[in-house]
Amino acid sequence: MASPAFPHPPLAVEVWGPLACFTRPELKVERVSYPVATPSALNGVLQAIFWKPEFEYQITQIEVLAPIEWTAVRRNEVKSVVNPDQVRKLQADRTLRYDVERDRDQRATMALRNVAYRVHAQVRLKKHADGPEAKYREQLRRRVERGACFSQPFLGTREFSASFGPVGSAPVPGQPIKRDEELGVMLHSIQYTDQGERYRFFRASMISGVIEVTDPLGPNEVAMPSGTWRRGA
């Protein structure tokens, strides 16, 4: 149903997969997932299916279609993150090497399994958009129906691939689960600015398996342990 802020009904896409991890930002070393998908993660799924610089998606509602199940995963990872400066140095000096064996570490992940969501989103045009909103909505709809995507969508981490399709295609009952839960402060979206990444949060509640995505909290209403800005990321 359309809202006063948007003239068109929301787009609806179903997303599912055997594993998912929507990492809580305060628990990123030994990863622990939120119990449901975050708007930021589902925004990434839609962008993997179809994206143009002329618009952005705004997630408005998430329906949880499968019961929430947890599983523990232990994986081999590397401790460090390669940044652009390191890449330039490696390219400039062919004698430099990166030894993955010395950088390897084993970490635990508390992930979700057998997840399925129906995500509702609106298309918000940017100022330089040269086409009507209907043009981009129709392109997304056709790609979802064909199963086409620019890159493989994933559920929180790239190892956990996502399947997607139109409403009714997920291999679960079509109704949201019967569960109410206060989810607390959840990641809403990430803004990329000249100063770095800016994390925005909102207060998430699941009522009868449905999460209404409200506007993000102000910068003074929530604070990360290491700050909401990460420079040079």
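Structure: see above.
The shown structure was predicted, so the numbers you read here are calculated from the model rather than taken from an experiment.

**A look at helix α4 (residues 133–146)**
Point 1. For α4, which comprises 14 residues, the first-to-last C-alpha distance of 20 Å matches the rise-based estimate of 20 Å (1.5 Å per residue) to within 8%.
Point 2. Buried residues along α4 sit in contact with β1 (11–20), α1 (39–49), β3 (55–64), β5 (104–125) and β6 (163–165).
Point 3. Just downstream of α4, Gly147 is the residue with a positive phi angle, here 75°.

**Side note on the pairing of β5**
Point 1. For β1 and β5, the ladder comprises nine bridges, and the chain directions are antiparallel. Its bridge partner lying in β5, Leu11 is registered against Ala121.
Point 2. Strand direction decides the pairing type here: β3 and β5, joined by nine bridges, are antiparallel. Considered in β5, the bridge of Phe55 is made with Leu125.

**So, the side chain of Gln61**
Point 1. Residue position: Gln61 is located in strand β3.
Point 2. Given the relative accessible area of 19%, Gln61 is considered buried.
Point 3. Within the structure, Gln61 has its side chain in polar contact with the side chain of Glu212 (distance 2.7 Å).
Point 4. When residues no more than four places from it in sequence are discounted, the contact partners of Gln61 are Arg118, Val119, His120, Val210, Ile211, Glu212 and Val213.

**A short note on the nonpolar core**
Point 1. Core analysis: the biggest nonpolar cluster contains 43 residues, and Val13, Val15, Phe22, Val36, Ile49, Ile59 and Tyr117 have the highest contact counts within it.
Point 2. Elements with a minimum of two residues in this core: β1, α1, β3, β5, α4, β7 (181–193) and β8 (196–207).
Point 3. In this structure, Val15 is in contact with Val45, Val115, Ala116, Tyr117, Val119, Leu155, Ala162, Ser163 and Phe164, ignoring residues within four places of it in sequence.
Point 4. Within the second largest apolar cluster, five residues are counted, among which are Trp16, Ala66, Ala116 and Ala170.

**Thoughts on the pattern of salt bridges**
Point 1. Applying the stated criterion to the full structure yields 14 salt bridges.
Point 2. One salt bridge connects Arg75 with Glu159, and the closest N-O pair in it is separated by 3.1 Å. A residue pair is termed long-range when its members are at least 10 positions apart, and Arg75 in strand β4 (residues 70–78) and Glu159 in the loop between α4 and β6 qualify at 84 residues.
Point 3. What makes Arg75 buried here is its relative accessible area of 12%.
Point 4. Take Glu159: its relative accessible area is 53%, and that puts it in the exposed class.
Point 5. Close ionic contact of Arg141 with Glu145 constitutes a salt bridge, the shortest N to O distance being 2.9 Å. Linking Arg141 with Glu145, this pair stays in helix α4, spanning four residues, or about one helical turn.
Point 6. Taken together, the shared-partner salt bridges connect Arg31, Arg75, Glu77, Asp105, Arg107 and Glu159 into one network.

**A look at the side chain of Arg24**
Point 1. Mapped onto the elements of the fold, Arg24 is located in the loop between β1 and β2 (31–32).
Point 2. What makes Arg24 buried here is its relative accessible area of 19%.
Point 3. Beyond its immediate chain neighbours, meaning those up to four positions away, Arg24 contacts Val32, Ser33, Tyr34, Pro35 and Val185.

**Things to note about unusual backbone geometry**
Point 1. For Asn114, which is not glycine, the phi torsion reads 55° and is therefore positive.
Point 2. Of note, Ser208 is a non-glycine position whose phi angle comes to about 55°, a positive value.
Point 3. Along the polypeptide, Ser208 turns up in the loop between β8 and β9 (210–212).

Rules of the game
- Residues numbered from 1 in each chain as written.
- Predicted model: local features only at pLDDT ≥ 70, side-chain atom pairs only at ≥ 80, totals over all residues.
- Heavy atoms only, no water.
- Helix = DSSP H or I, 4+ residues; strand = E, 2+ residues; numbered from the N terminus.
- Expected span 1.5 Å × (residues − 1).
- Contact = heavy atoms within 4.5 Å.
- Pairing = 2+ DSSP bridges.
- Buried < 20%, exposed > 50% of the residue type's maximum accessible area, 1.4 Å probe, protein only.
- Polar contact = N/O pair within 3.5 Å; in protein donor to acceptor, adjacent residues only side chain to side chain.
- Core = buried A, V, L, I, M, F, W, Y, C linked by side-chain atoms within 4.5 Å.
- Salt bridge = Lys/Arg side-chain N within 4 Å of Asp/Glu carboxyl O.

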